[in-house]
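Observations on the model geometry
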Amino acid sequence: SCLALASAVVEAKAWFGATPPKVDHTFHRRGWSSCALCGGAERLGATVEVGDLRELDAAGASTLLDAVRAHGVVVVKGQNLTRAQQVEFTAALGETVVLPSSFEGKDPEPFHPAIQRITNFWANGTWKGPTARFGAYWHQDGQFWQPPRHNILSILHAQETPPSGGETGFADLRAARHTLSAPLLARAANASIRTSVRQIADFAKGDEEDLAAFPDAEHPVLDAHWMDGGPLLYVGSPHMEVVGLETAEAGKALLTMLLMHATSPAFTYFHAWDVGDVLVWDNTQTLHHSFPYDNDGSAKRELYRTQARMRPAATKEEL
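Here the structure is a predicted model, which is why all the values come from computation and not from measurement. Once a new chain begins, its residue numbering starts again from 1 and follows that chain's sequence as written. Residues qualify for local features only when their pLDDT is at least 70, as the model is predicted, and side-chain atom pairs are given and counted only at 80 or more; totals for whole chains, interfaces and linings, by contrast, use all residues. Hydrogen atoms and water are omitted, and side-chain values are computed over all heavy atoms in the structure.

Regarding the pairing of strand E13 (residues 268–271)
Keep this limit in mind: Partly exposed residues are those whose accessible area sits between 20% and 50% of the maximum for their type, while under 20% is buried and over 50% is exposed, using a 1.4 Å probe and protein chains only. Comment: elements are numbered from the N terminus, with helices defined as DSSP H or I runs of at least four residues and strands as E runs of at least two. Only strands joined by at least two bridges in the DSSP assignment are considered to pair.
The alternating pattern of E13 places Thr268 and Phe270 on one face and Tyr269 and His271 on the opposite face, and all of these are buried. Strand direction decides the pairing type here: strand E7 (residues 168–172) and E13, joined by four bridges, are antiparallel. Residue Thr168 lies in a different strand from E13, and its bridge partner there is His271.

Pasting the structure below:
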């Protein structure tokens, strides 16, 4: 019937080429009247119920991974993980990523090299000052890894949050690809982003030996998801070099247009943090961006990040 056909079209659009999850999940939304930052993403930001992550079994990990693949970013509420427990949970999702110690800057997490501290206080308890910020621009993590090692999940766990602000924004790169106009699709067809670990400000003081272990990486702008083959945009960040067009300037202009499209209100979700939240997102199909809060030293924003490299894909039939 026409109604059934229309419903099928709506369903396909909602997933934007992702295979739907095996289990239905509710969306984490505060409502238009309650969010300080509001986005209209149709797919991002599902709440996944898998119980206490300290007791996660293989079935729970499979449910969570399937939800992240389908929704791009998910939240597990009400957790309280130690640093060691977060690393153990990360290993249940894939290969734990540990970057060279020289990349970690001035605030490594003691005894846990897989942990990155996303906080306005040093590990010794002193305030970092009002200018401390992390990732305050739209970007993907892991673009400096060569394919397929760039298929990275990020896990961020909130232990303390400020009274307001400090949201983390996400943009849907599957939806952005699905709705890209024919002229921009044609323009992007021959373009790739090229990146070097040496161009990443966070790694500026890395040892030469560590930097040399990361050869330059290149990724097609029009890419496909590693697990279900769904089409997506891969744009990295505003700092990428774009190759494949007439000039570097033409590549930069294309990247700017694609970022403007991908981060429009229709494709964004802004996560307002509660203590105990564990957010898991797929960097290949989302951009993310940290947003400001009143960082005057009176309140802590204490989050801990780990990363897991996705394991080889299941077949599309299995999904």
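After presenting the structure, the write-up continues.
Comments concerning the state of the cysteines
Basically, it comes down to this: When two cysteine sulfur atoms are found within 2.5 Å, that pair is recorded as a disulfide.
Under the criterion given, the structure shown has one disulfide. Residue pairing for Cys35: its cysteine sulfur links by disulfide to Cys38, the two sulfurs lying 1.8 Å apart. Between Cys35 and Cys38, the S-S torsion sits near 105 degrees, and that sign places the bridge as right-handed.

Here's the deal with unusual backbone geometry
The amide bond that connects Pro147 to the next residue, Pro148, takes the cis arrangement and shows omega of 0 degrees. Turning to its location among the elements, Pro148 is positioned in the loop between strand E5 (116–119) and strand E6 (152–160). Within the chain, Phe111 stands out as a residue other than glycine whose phi angle is a positive 75 degrees. Here Phe111 lies in the loop between strand E4 (95–96) and E5. Taking relative accessible area as the criterion, Phe111 reaches 81% and is therefore assigned exposed.

What about the sheet that holds E7?
Operational definition: Working convention: axes come from line fits to C-alpha atoms, limited for helices to the stretch in contact. Angles between N-to-C directions cover 0 to 180 degrees.
If you trace the three strands from one edge of the open sheet to the other, you get E13-E7-E15, paired in antiparallel fashion. The sheet is open, and its two edges are formed by E13 and strand E15 (286–290), each paired on a single side. Geometrically, the sheet is characterised by an average inter-axis angle of 20 degrees between neighbouring strands, direction not taken into account. Relative to E15, E7 runs antiparallel, the two being bridged by five bridges. Within E15, the position partnered with Thr168 by the bridge is Ser290.

What to know about the environment of Ser102
Test applied: Any two residues having at least one pair of non-hydrogen atoms within 4.5 Å are treated as being in contact. We define a polar contact as two N or O atoms separated by no more than 3.5 Å, with the added condition that, inside protein, one atom must be a possible hydrogen donor and the other a possible acceptor, whereas residues neighbouring each other in sequence contribute only through side-chain atom pairs.
Looking at the element boundaries, Ser102 is found in the loop between E4 and E5. Judged by its relative accessible area of 16%, Ser102 is buried. Residues Ser102 and Gly206 lie 104 residues apart in sequence; the distance between their C-alpha atoms is 4.7 Å. Look past the residues within four positions of Ser102 in its chain and what remains in contact with it is Lys205, Gly206, Asp207 and Asp210. At 3.0 Å, the side chain of Ser102 and the backbone nitrogen of Asp207 are in polar contact.

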